[in-house]
Amino acid sequence: MSCCSKKDILEGVDYENAQKKLTKISIQIEPIWRGLYFCQHCKTYWEEQFTDDRFGGRPYLRKVTAQYVKTEWGQEYLVDL
């Protein structure tokens, strides 16, 4: 499974395979641990989150829009296409 699949959430093996192919844009520690990634192939943004918390939960990737990135992360995190 690739990171540019039709799925909106990638977990488990799909998460591990996709994360290896994505470009890391940023990691945010406060107020919650999350990461922002970009797929150069399909031009989509992915946000890494955890099912419970970073120490007890499982990581997963959730597909997000450019508008979400602009609103939640800031304009400076948008990738110039």
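Conventions we followed
- Residues numbered from 1 in each chain as written.
- Predicted model: local features only at pLDDT ≥ 70, side-chain atom pairs only at ≥ 80, totals over all residues.
- Heavy atoms only, no water.
- Pairing = 2+ DSSP bridges.
- Helix = DSSP H or I, 4+ residues; strand = E, 2+ residues; numbered from the N terminus.
- Axes fitted to C-alpha atoms, helices over the stretch in contact; angles between N-to-C directions.
- Contact = heavy atoms within 4.5 Å.
- Phe/Tyr/Trp six-rings, centres within 6.5 Å; stacked < 30°, edge-to-face > 60°.
- Buried < 20%, exposed > 50% of the residue type's maximum accessible area, 1.4 Å probe, protein only.
- Salt bridge = Lys/Arg side-chain N within 4 Å of Asp/Glu carboxyl O.

Q: Please provide a residue-by-residue account of the sheet that holds strand β4 (residues 45-50), values included.
A: The antiparallel open sheet is built from five strands, whose spatial order is β1-β5-β4-β3-β2. Every other strand in the sheet has two partners, leaving β1 (9-11) and β2 (23-28) as the edge strands with one partner each. Between one strand and the next, the sheet's axes are offset by a mean angle of 25°, whatever the strand orientation. One ladder, built from five bridges, connects β2 with strand β3 (residues 34-38); its direction is antiparallel. Of the residues in β3, the one forming a bridge with Ser26 is Leu36. Sitting on the sheet, helix α1 (residues 12-21) touches β1, β2, β3, β4 and β5 (59-64), and the angle it makes with β1 is about 105°. Packing against the sheet, helix α2 (residues 66-73) makes contact with β2, β3, β4 and β5, and its axis sits at approximately 140° to β3.

Q: Requested: an account of the packing of aromatic side chains, with residues and values cited.
A: For the structure shown, the criterion picks out two aromatic pairs. Ring centres 4.9 Å apart and planes at 55° place the aromatic pair Phe38 and Tyr45 in the tilted group. Given a relative accessible area of 6%, Tyr45 falls into the buried group. Consider the rings of Trp73 and Tyr77, whose centres lie 5.8 Å apart with planes at 70°: the pair is edge-to-face. When its relative accessible area of 9% is taken as the criterion, Trp73 is described as buried.

Q: How would you summarise the side chain of Glu48 if you had to cite specific residues and measurements?
A: By the secondary structure assignment, Glu48 is in strand β4. If near-sequence neighbours (up to four positions away) are discounted, Glu48 is found in contact with Tyr15, Gln19, Ile27, Trp33, Arg34, Gly35, Tyr37, Pro59, Tyr60 and Leu61.

Q: Any details on the pattern of salt bridges? Residues and values, ideally.
A: Evaluation of the coordinates by the stated rule reveals three salt bridges. The residue Asp14 makes a salt bridge to Lys7 at a minimum N-O spacing of 3.3 Å. Among the residues examined, Asp14 registers a relative accessible area of 17% and is labelled buried. For Glu47, the salt bridge identified is with Arg62, shortest N-O distance 3.2 Å. Placement of Glu47 in strand β4 and of Arg62 in strand β5 is noted, with a sequence separation of 15 residues between them. Taking the relative accessible area as the measure of exposure, Glu47 reaches 0% and is therefore buried. Assessed through its relative accessible area of 25%, Arg62 is described here as partly exposed.

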